[in-house]
Amino acid sequence: MSDALDLAETQLLFAPIEAILMVVDQPVTAQQLAGVLNVSAEDIEHVLEALSAQYAGRSGGREHGFELRRLGGGWRIYSAPRWDCLLYTSDAADDLPCV
């Protein structure tokens, strides 16, 4: 896809990218995703930015408990820092300090 993706084309790439990102154990680059999905790396970057905004609630939706971050030249899904207190404390279920 040489021209910029429209909204429908962008959204069609959400699911396959999410499927890949859910199982990787290290960040993946836009070039790696582009090779698998037969789409330009530039288009993949656009989709990743759109997903990141969506998960963070910046595109009009709700904030999620996870986020898509660029790290070390690649992208990966991580739990949102807001919820770290639930993940890294032994008594998180008792008092839910960050809710």
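Structure report, in brief. A quick note: this is a predicted structure, and the numbers were derived from the prediction, not measured. (Residues numbered from 1 in each chain as written. Predicted model: local features only at pLDDT ≥ 70, side-chain atom pairs only at ≥ 80, totals over all residues. Heavy atoms only, no water.)

## With respect to the side chain of His-64
Moving on, step 1. Among the secondary structure elements, His-64 is positioned in the loop between helix H3 (41-55) and strand E1 (66-71).
Moving on, step 2. Accessibility expressed as a relative area gives 16% for His-64, which makes it buried.
Moving on, step 3. Polar side-chain contacts of His-64 include one of 3.2 Å to the backbone oxygen of Arg-62.
Moving on, step 4. In contact with His-64, not counting residues within four places along its chain, are Gln-54, Tyr-55, Ala-80 and Trp-83. (Helix = DSSP H or I, 4+ residues; strand = E, 2+ residues; numbered from the N terminus. Buried < 20%, exposed > 50% of the residue type's maximum accessible area, 1.4 Å probe, protein only. Polar contact = N/O pair within 3.5 Å; in protein donor to acceptor, adjacent residues only side chain to side chain. Contact = heavy atoms within 4.5 Å.)

## Side note on the pairing of strand E2 (residues 74-79)
Moving on, step 1. In this structure, E1 lies alongside E2, joined through six bridges in antiparallel fashion. Residue pairing for E2: Leu-71 is matched across the bridge by Gly-74.
Moving on, step 2. Linking E1 to E2, which pair antiparallel, is a turn of two residues; within it Gly-72 sits at a positive phi near 60 degrees. (Pairing = 2+ DSSP bridges.)

## Focus on H3
Moving on, step 1. The terminal C-alpha atoms of H3 lie 21 Å apart, and with 15 residues this matches the ideal 21 Å at 1.5 Å per residue to within 8%.
Moving on, step 2. Taken together, the buried positions of H3 are occupied by Asp-43, Ile-44, Val-47, Leu-48, Leu-51, Ser-52, Ala-53 and Tyr-55.
Moving on, step 3. Looking at the buried positions of H3, the neighbouring elements they touch are helix H1 (7-21), helix H2 (30-37), E1 and E2.
Moving on, step 4. In the segment just after H3, Gly-57 is the residue with positive phi, at about 80 degrees. (Expected span 1.5 Å × (residues − 1).)

## Notes on H1
Moving on, step 1. The first and last C-alpha atoms of H1 sit 21 Å apart over 15 residues, in line with the 21 Å expected at 1.5 Å per residue.
Moving on, step 2. At Phe-14, H1 shows its largest kink, close to 30 degrees, and the proline Pro-16 lies no more than four residues downstream.
Moving on, step 3. For H1, the secondary structure elements touched by its buried residues are H2, H3, E1 and E2.
Moving on, step 4. The backbone nitrogen of Ala-8 lies 3.1 Å from a side-chain oxygen of the residue at the head of H1, namely Asp-6. (Bend = angle between axes of the 7 residues up to and from the residue.)

Functional significance is not addressed by these values, which are geometric in nature.
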